[in-house]
Amino acid sequence: MLELIAGALWAMLPAYIPNNAAVLAGGGRPIDGGRTMGDARLLGDGKTWRGTAVGTAVGVALALALDAAAPAVGDALGISLPGFPINAALGLALGAMLGDIGASFVKRRSGRERGAAFPGLDQLDFVVGALLLALLFAPDWTLQVFTPARVAVVVVVTPLLHLATNGIAYWLGVKDEPW
């Protein structure tokens with residue numbers, strides 16, 4: 001059970017971190033350039049080129065660090081942890097960012113303002129994006145690492161982690177809303 005849960009969370013770390021790094025990098029030119037569709041912005045001011053680039057770079061850097069640490073951490077825990085080929089690292093990190101950007105587009109189309117809650121989508125958008133892009137960039141690795149059991153762990157645990165980390169960010173004053 002430890003190997004299942006630890007392996008799932010370890011494999012998702014390069015996707016968990018990018019959006020948090022993007023918030024900290026924040027600011028810069030919005031991806032949508034202020035363009036609208038109907039009466040709503042395409043994405044909004046919260047989705048910037050700088051945030052996307054920094055988030056992706058941090059996710060890839062984390063994957064490389066995890067790759068180096070995997071043997072020692074795995075030995076200490078008595079389990080086997082997956083490594084990250086660069087194409088998988090890029091797929092997870094960039095996919096997480098694109099999943100979040102896609103969710104922003106959906107939220108604007110549904111009339112929700114920036115920061116408005118959208119249960120389900122808010123917690124799993126980046127997971128779907130990360131897994132899809134990892135599958136595209138590194139199909140063999142993704143299918144080997146993300147077994148159905150590991151995907152189930154990710155789908156169950158991620159919303160809980162998402163709510164906890166957003167609550168902490170809100171408490172620290174980094175986010176305007178606790179979700």
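Just above sits the structure.
How each quantity is defined
Residues numbered from 1 in each chain as written. Predicted model: local features only at pLDDT ≥ 70, side-chain atom pairs only at ≥ 80, totals over all residues. Heavy atoms only, no water. Helix = DSSP H or I, 4+ residues; strand = E, 2+ residues; numbered from the N terminus. Rg over C-alpha atoms; globule rule 2.2 N^0.38 Å. Buried < 20%, exposed > 50% of the residue type's maximum accessible area, 1.4 Å probe, protein only. Contact = heavy atoms within 4.5 Å. Areas by Shrake-Rupley, 256 points an atom, 1.4 Å probe, with all protein chains shown as cover. Lys, Arg positive; Asp, Glu negative; His and termini not counted. Charge placed at Lys NZ, Arg CZ, Asp CG, Glu CD. Salt bridge = Lys/Arg side-chain N within 4 Å of Asp/Glu carboxyl O. Axes fitted to C-alpha atoms, helices over the stretch in contact; angles between N-to-C directions. Left-handed = near helix turned anticlockwise from the far one by under 90°. Nonpolar A, V, L, I, M, F, W, Y, C, P; charged D, E, K, R; others polar.

**Things to note about the overall build of the chain**
A tally of helices and strands in the chain yields 7 helices and 2 strands. Overall, the chain shows an N-to-C arrangement of helices and strands of α-α-β-β-α-α-α-α-α. Relative to the globule expectation of 16 Å for 179 residues, the C-alpha radius of gyration of the chain, 16 Å, shows essentially globular dimensions. Classification of the 179 residues of the chain by burial places 41% in the buried group. Sequence-distant contacts, at least 24 apart, represent 71% of the contacts inside the chain between residues at least 6 apart. When the accessible surface of the chain is split by element, carbon and sulfur atoms take 68% of a total near 9100 Å². Positive and negative side-chain charges in the chain, numbering 12 and 13 respectively, have mean positions lying 8 Å apart.

**Some details on the pattern of salt bridges**
One pass over the structure, following the stated rule, counts 1 salt bridge. For the salt bridge of K47 with D100, the shortest nitrogen-to-oxygen distance reads 2.5 Å. Remark: D100 occurs in helix α4 (residues 86-109) and K47 occurs in the loop between β2 (40-41) and α3 (49-77); sequence separation between them is 53 residues. Just as K47 is buried, D100 falls in that class too.

**Quick word on the packing of α3 against α4**
Relative to each other, α3 and α4 sit at 145 degrees, their axes nearing to 8 Å. Note that α3 runs across α4; the crossing there is right-handed. Together, G51, T52, G55, T56, G59, V60, A63 and L64 of α3 and I86, A89, L90, A93, L94, M97 and I101 of α4 make up the contact between the two elements. A class-by-class count of the residues in the contact of α3 with α4 yields 10 nonpolar, 5 polar and no charged.

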